[in-house]
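# Architecture at a glance
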Amino acid sequence: MKDFFNKIISNDEWLIEEEGFKRDLQRTRETQFALGNGHIGSRGVLEEIPYDSHPGTYIAGVFDNTGALATEIVNIPNPIFFRITSRGEKIDPIAMDIVDHNRALDMNKGILFRKTIYSNHKKERFKYESMRFISMHDKYVGVMRIYLIPMDAATDITVQTTIDTSVTNAGMLTEGKKRHFQVTEVYESKGIHYLCAETFEKNTLIAYASKLIVEKDGKRVPVPKRTLRFKVKKGEVICFTKFFSVCTSLDVNPKRIKSAALNSAKKAVRLGFDKMLVRHVRQWREKWKSCDVTIDGDPEVEKALRFNIYHMLICGNKKNGRASIGAKTLSSEGYRGHVFWDFELFNLPLFIYTDPETAKHLLLYRYRRLGKAREIAASKGFKGAMFPWESADTGEESTPAWSKGLDGSIIEIHTMDMEYHITADIAYAINHYYAATGDDKFMLRYGLEVIFEAARFWASRVEYNKHRKLYEINKVIGPDEFHENVDNNAYTNVMAKWNLLRAIELYRLFSRRYPDGISRIAKKIKLYKKELKGWRNIAPRLVTHLYRKKNIIKAFDGYFRLKDVPITRFDDNSMPIFPRGVTSRNVQKTQIVKQADVVMLLYLFSDIFSGLAKRKSYFYYAKRCMHKSSLSPSIHAIVGNEVGDSKAYQYFLRSLYADLKDIHGNTSEGIHAASLGGTWQAAINGFGGAGIRQGILTFDPKLPPHWERLKFILRWKGHPISVSVYKERIELYYKSKKKSDKLKIRVYNILKEIPANRKMVISR
Ligand code: IFM
């Protein structure tokens, strides 16, 4: 990419490029090239919105349910819309011929660049270049610039750029397209256009203000209210700059929404393109400073890893728990924008270790919905808090009753009634945040309450089996969703057991350190010592299936009695193919699992399993896993790398390229959020060997043979530690104002005290 934006665009190592226009890849590219700032998500559409494209703009936390089976994220009016015609011919890839076309997503700066040369029916060429960004500096603002040059002949141009209200939600299943809003006000004054839309059911206001500035060979051209028409000479450069702002009544008082939107846009216009750009880029620079990962020896993988990180950075919402990260981020409407366990166990770690402030805000999403989780538990006859399997804005259970199965047929969904593990996953995530940050304040204000209420839920959810003299958790779905309605899923039970035990430990710890704080929480949720005693009684008597059948963890009661059908066929992407005779309809009768389930457990509790149990269990389940979920390969890469599976790197690549290479064939429906986070963890926790063992930050790396160095920064207890992992050594460095600071870190299984401000080199 060069020409107009030469000075702005980053080096090649930061660019994801598109060469040529392929109509059938449009929607995939729109997902891959999405822009965002945690508040706004915007699909990477071409500005002329060609036929077949799916313009998508989303605001974190804006959901509605008009005509949908379940509440869904709203596709709000599209501010990225430009219709330019030359003597009646639309300048657009479908209407004209494309001589040359390329785009580049600049991940370093969060900018989408484009250069296209069109040719009309008379073979007259038009050079079209554009760039745009969703400001990281001002959350409500987006800026775009387009250059247009008729290369071969003078022409008459008409330009229309509006906030396009014709957009709809794509419509899952057979619901059809849906529009979730109506326009309530349109207004124009001094070249600023204002538009307000209101969602049908929740009455959320979405207010836009926009301004277009047009220059011809550097001179301003007056812009009329609606369609702009003018003559352009051959070779003359026309520059369009559009500033827009989007505010919602979730951010500002509805009475002030108009002025808020107008003021945001006016401020951006006043600052101008260059300053807005500088501020935006500065924010991105700060972001990458703490979360870039470099890989010496594999630039291609390094770039792909950045792609995964980039897509997490554009959806980290910092609004005090207003939103979390949905399973498809803010890149599209897949899974209706709902939040699953994907966030807590896959995406959160990146934020914990690189931007704990954002991690905290994202975790608050659950705390702010604890009331609803209590209601869900109560409605099912349980105590404490039970979090919904799919969550949207309110924290109510939002799982639709029907969905599309693996074979495309419509199937009934039971996850909302059985996939209980999410409640323990959330407790685990909060504890993870605490372990890495030591943020007592967060725990006292929010975290402990969630962990206690979750433990309370488990204590009421277990059933005592008199014959076995053990507690059980029956009728569940574990992460392996091929097997529904099973008893004692090892993953669920171990997570529940951990939740109970950790709640007791934290209660004790905080009682010692903050007796007043604990008694305030205990009073608030009526938690007395007697109840803790009950938890202590249940936890060790909960069936966990550990160390059964020759060191292999049993996935659930009766698992080993199921038909054992070997997976022997693989597709071109090395993804397993169902063995002959096995389909998504009868797979529950076999030992074939959908995704990391027991293997997930081996990862999350790496320090409680012996090496032998890990190896045996891992290989047993890895051979029987279909990876029919994008959550699966990254976890297999991590555990596989640890136990010496030669396929570990292949699993990593599968996760790394899930969306860049559209491995699951549905990137068009949105980015696979969990795969992004799983990929980051596979690099840092897998190959980089970073982890927490007995509360201590630990490094036990095992790099792929061709990686010479893996470099990253991890924030541990407030210190950003720069880590360089080589084949046979690790270098650690962190700065501190207190020269006497020392961090206890375990490297290659030896406990070290790492002093501040001095590079420590530790050899294997
Ligand atoms: O949360 C996952 C689940 O584990 C598998 N099905 C898809 C969900 C959303 O990504």
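Residues numbered from 1 in each chain as written. Predicted model: local features only at pLDDT ≥ 70, side-chain atom pairs only at ≥ 80, totals over all residues. Heavy atoms only, no water.

## Observations regarding the sheet that holds strand 30 (residues 719-726)
- The sheet built from five strands is open, its strands ordered 20-29-30-31-34 with antiparallel pairing. The open sheet has two edge strands with one neighbour each: strand 20 (294-296) and strand 34 (760-763). Across the sheet, the mean angle from the axis of one strand to that of its neighbour is 20°, orientation sign disregarded. (Pairing = 2+ DSSP bridges. Helix = DSSP H or I, 4+ residues; strand = E, 2+ residues; numbered from the N terminus. Axes fitted to C-alpha atoms, helices over the stretch in contact; angles between N-to-C directions.)

## Observations regarding the site of the ligand
- Near the ligand, the surroundings consist of Ala327, Tyr335, Phe340, Trp341, Asp342, Trp389, Glu481, Lys594, Gln595, Ser629 and Leu631.
- Between the ligand and the protein, one listed contact pairs an oxygen atom with a side-chain N or O atom of Trp341 at 3.0 Å.
- Interatomic distance of 3.1 Å between a side-chain N/O atom of Gln595 and an oxygen atom of the ligand.
- Burial of the ligand by the protein chains amounts to 92% of its free accessible area of 280 Å².
- The class makeup of the residues in the shell around the ligand is six nonpolar, two polar and three charged. (Near = heavy atom within 4 Å. Polar contact = N/O pair within 3.5 Å; in protein donor to acceptor, adjacent residues only side chain to side chain. Areas by Shrake-Rupley, 256 points an atom, 1.4 Å probe, with all protein chains shown as cover. Nonpolar A, V, L, I, M, F, W, Y, C, P; charged D, E, K, R; others polar.)

## Re the nonpolar core
- The biggest cluster of nonpolar side chains holds 208 residues, and the ones touching the most others in it are Phe240, Trp341, Phe452, Tyr621, Phe652, Phe699 and Leu732.
- Residues contacting Leu732, with those up to four places away along its chain left out, are Phe699, Ile721, Ser722, Val723, Ile745, Val747, Ile754, Arg758, Lys759, Met760 and Ile762.
- The next biggest cluster of nonpolar side chains, apart from the first, holds 22 residues, and it includes Phe5, Leu15, Phe133 and Val143. (Core = buried A, V, L, I, M, F, W, Y, C linked by side-chain atoms within 4.5 Å. Buried < 20%, exposed > 50% of the residue type's maximum accessible area, 1.4 Å probe, protein only. Contact = heavy atoms within 4.5 Å.)

## Notes on the layout of surface pockets
- What the second largest pocket holds in volume is close to 1400 Å³.
- Only helix 4 (341-354), helix 8 (422-437), helix 10 (490-513), helix 13 (598-604), helix 15 (632-643), helix 17 (673-687) and strand 27 (690-693) provide two or more residues apiece to the lining of the second largest pocket.
- Per-element tally for the lining of the second largest pocket: the top contributor is helix 10, with nine residues.
- Counted by class, the lining of the second largest pocket contains 20 nonpolar, 14 polar and 15 charged residues. (1 Å grid on protein atoms, 1.4 Å probe; cavity = no way out; pocket = protein on both sides within 12 Å on 5 of 7 lines; lining within 4 Å. Points joined across faces, edges and corners; volume = space filled by probe spheres on them.)

## A word on the packing of aromatic side chains
- The full count for this structure, using the stated rule, is 42 aromatic pairs.
- Between Tyr428 and Trp498, the aromatic rings sit 5.4 Å apart at their centres with planes inclined by 55°, giving tilted as the arrangement. Of this pair, Tyr428 sits in helix 8 while Trp498 sits in helix 10; the two residues are 70 residues apart in sequence, bridging distant segments of the chain.
- For Tyr428, a relative accessible area of 15% translates into the label buried.
- Both rings, one in Tyr649 and one in Phe687, keep their centres 5.9 Å apart while their planes meet at 50°; by these two values the pair is tilted. With Tyr649 in helix 16 (residues 648-656) and Phe687 in helix 17, the pair connects residues that are 38 residues apart, well separated along the chain.
- Exposure remark for Phe687: the relative accessible area of 2% places this residue in the buried category.
- One residue, Arg306, lies across the ring of Trp14, its end atom 3.7 Å from the ring centre. (Phe/Tyr/Trp six-rings, centres within 6.5 Å; stacked < 30°, edge-to-face > 60°. Lys NZ or Arg CZ within 6 Å of the ring centre and 35° of its normal.)

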